[in-house]
Amino acid sequence: SSAGGTTGPGGTGSGGRNGTGGVTGNGGATGNGGVTGNGGATAPDAGSKDVGGAEVGTDSGSTGFAPCPATGDCKVLALGDSITWGINYGGGYRIKLFTHTTNDSKNITFVGYDTGNPPDSTALGKLGSASSKWVGKHEGHSGWTVQQIDDIVTGKSTTTNDGTNYTGKKVVADFGPHIVLLHIGTNDMYGSDPGGAPTRLGTLIDHIVAAAPDALVVVSNIIPFPSGASAVTTYNKAVPGIVQTRASAGDHL
């Protein structure tokens, strides 16, 4: 296992090899949302289990890549839409992820400009003594599309959100994260061009990698929703290939 987390049960499953950077698994970072990871198993609590293991070609960890520093905190940038922001649940999946990593004696800290939608006292209380180490920073933006996230990565955005003016800000380059967790595309399914979302996702990933070439980028499928079932299915089927192409080229995806 890497400093990014331990390889949980099933880490050498049908995916074919251990996944270093198993702090999230493939798509598992979304936690109790039940996201289907690229390893092919539906992960009810995938933040701790890496159910199904890493899919061949989607985890550069097979070469021994470990994104986190040997000492000090591993900086994690949670990037995406309302799932990352934590719709209907302050702190979102970040609370569960922080609980798992703390219990596993890993030192992580979240980075970002946004501090909106913090967890309530009950959620923080469940962290116990680790609550003093909780950092409620992120880049989750409710209602945002792939392009809007791309704009805050490349510095093109002039939007103000959750009280932060993003003019001139580059959320990946500015913080130098060791791990980037990406869940984005849901709001593109409602837009005028859902079919173009995979291409936009690929461009966004390229910009993230360019901004932090030594980081591990964990790309999740988007969670299902009935009104956009067909578009979501098409998009999610495209995600593994988008990741595979870049992982094969040496990117840490």
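The numbering scheme is per chain: residues are counted from 1 as the chain's sequence reads. This being a predicted model, a pLDDT of at least 70 is required before a residue's local features are given, and a value of 80 or more before pairs of side-chain atoms are given or counted; all residues contribute to the totals for chains, interfaces and linings. Only hydrogens and water are set aside when side-chain values are computed; all heavy atoms of the structure are taken into account.

Student: Describe the environment of Y235, with residues and values.
Tutor: Under the DSSP-based scheme used, a helix requires at least four consecutive residues in state H or I and a strand at least two consecutive residues in state E, with every element numbered from the N terminus. With respect to the element layout, Y235 can be found in helix α6 (residues 229-248). Along the backbone, Y235 and M189 are 46 residues apart, and their C-alpha atoms lie at a distance of 8.6 Å. Any two residues having at least one pair of non-hydrogen atoms within 4.5 Å are treated as being in contact. Those residues within four positions of Y235 in sequence are excluded, and the remaining contacts are V146, I184, G185, M189, A197, P198, L201 and I222.

Student: Go over unusual backbone geometry with me, naming the residues and quoting the values.
Tutor: If you check the backbone angles, N88 has positive phi at about 65° while not being a glycine. You can see N88 is positioned in the loop between α1 (82-85) and α2 (93-103). For N88, a relative accessible area of 80% puts it in the exposed group. One non-glycine residue, D162, adopts positive backbone phi at about 50°. Along the chain, D162 turns up in the loop between β6 (160-161) and β7 (164-165). The class of D162 is partly exposed, set by a relative accessible area of 37%. For every residue, the accessible area obtained with a 1.4 Å probe (protein chains only) is divided by the maximum for its type, and the residue is called buried under 20%, exposed over 50%, and partly exposed between those limits.

Student: Please give an account of the pairing of strand β4 (residues 108-111) that cites residues and values.
Tutor: Burial along β4 is two-sided: I108 and F110 facing one way and T109 and V111 facing the other are all buried. Pairing of strand β3 (residues 74-80) with β4 involves four bridges; the strand directions are parallel. Considered in β4, the bridge of C74 is made with I108. By definition, two strands form a pair when at least two bridges between them are found by DSSP.

Student: Residue-level account of the confidence of the model for the protein, with values.
Tutor: A residue's pLDDT is the predictor's confidence in that residue, given on a scale from 0 to 100. The predicted model of the protein averages 81 in pLDDT, with 75% of residues at 70 or higher. Under a pLDDT of 50 for its full length, residues 1-62 has, in the predicted model, 149 contacts with residues more than four places off or in other chains.

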